[in-house]
Amino acid sequence: PERGTLHSRHVGEILEDLHHGKKSGRLRFSRKESKVFKDVWFEAGEIVSSGTNEPREYLGQYLIASGKITEKDFIRAYATQTETKVLFGKVLAMFGIVTESEVATALKGKTEESVWDVFLWPDGVWELEETAALMGQRLPMKLDVPAPVRITRIAARSSSGRREASSASLPATSAAWVLRSIAGC
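Below, the structure is looked at part by part.

Each value, and the rule that gives it
- Residues numbered from 1 in each chain as written.
- Predicted model: local features only at pLDDT ≥ 70, side-chain atom pairs only at ≥ 80, totals over all residues.
- Heavy atoms only, no water.
- Core = buried A, V, L, I, M, F, W, Y, C linked by side-chain atoms within 4.5 Å.
- Buried < 20%, exposed > 50% of the residue type's maximum accessible area, 1.4 Å probe, protein only.
- Helix = DSSP H or I, 4+ residues; strand = E, 2+ residues; numbered from the N terminus.
- Contact = heavy atoms within 4.5 Å.
- Phe/Tyr/Trp six-rings, centres within 6.5 Å; stacked < 30°, edge-to-face > 60°.
- Lys NZ or Arg CZ within 6 Å of the ring centre and 35° of its normal.

Considering the nonpolar core
Counting 18 residues, the largest nonpolar core has L6, L27 and F29 as the members making the most contacts within it. Residue assignment for this core shows that the elements contributing at least two residues are α1 (11–20), β2 (25–31), β3 (36–43), α5 (100–119) and β5 (125–129). In this structure, F29 is in contact with L6, V11, I14, V36, F37, K38, V40, V118, W121, V125 and W126, ignoring residues within four places of it in sequence. The next biggest cluster of nonpolar side chains, apart from the first, holds 13 residues, and it includes L59, L63, I69 and F88.

Following this line, the structure appears as structure tokens:
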């Protein structure tokens, strides 16, 4: 696997290289002190899925926070998912709580936030596992990779160095909104 630190290579550069190189596999960002990891799955250079061990970024929490489902909906769908092994978003759609389109929009939104969060990390490591395959079924999702790269370049031009460019001047709360605005979503 290819690997490095976020001090030696900026998140935007990594994403841009994977996009232009039409790479496939799992890109994992991690931080040792917090034990947090974020996986970003690529197929032919496009982001198609994401995952994390950060509970606040799970799909269910994202849907609750956005008002699409209630805690009761979450508990019911989670119990069914655990029992049937059907994806959480598909369970919610089967129950008629949300549509598959709403699940796809939520998956895209939570992936955007997860990727933007890594842009704000002061340190960490990354590893690309090109042989990794995305296992299991998933709802289709595609994230516009050039959008965060464009933001990175804009931020880098307005700051005085590599370290400042990684956090840019984008607060965490507005980062996903900025990405959606530029991507035209």
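Considerations on the packing of aromatic side chains
According to the stated counting rule, one finds 3 aromatic pairs in the structure shown. With a centroid separation of 5.5 Å and an interplanar angle of 55°, the aromatic rings of F74 and F88 are classed as tilted. Here F74 is found in helix α3 (residues 71–84), whereas its partner F88 is found in helix α4 (residues 88–94), with 14 residues between them in sequence. Here F88 falls in the buried class, since its relative accessible area comes to 8%. Between W116 and F119, the aromatic rings sit 4.9 Å apart at their centres with planes inclined by 40°, giving tilted as the arrangement. Note that W116 and F119 are positioned in helix α5 at a spacing of 3 residues, about one turn of the helix. As far as the burial class goes, W116 and F119 line up, both buried. An aromatic cluster is defined as three or more aromatic residues linked by ring pairs; in this entry it consists of F74, Y78 and F88. Geometry around W121 places R31 over its ring, the cationic atom sitting 5.5 Å from the centre.

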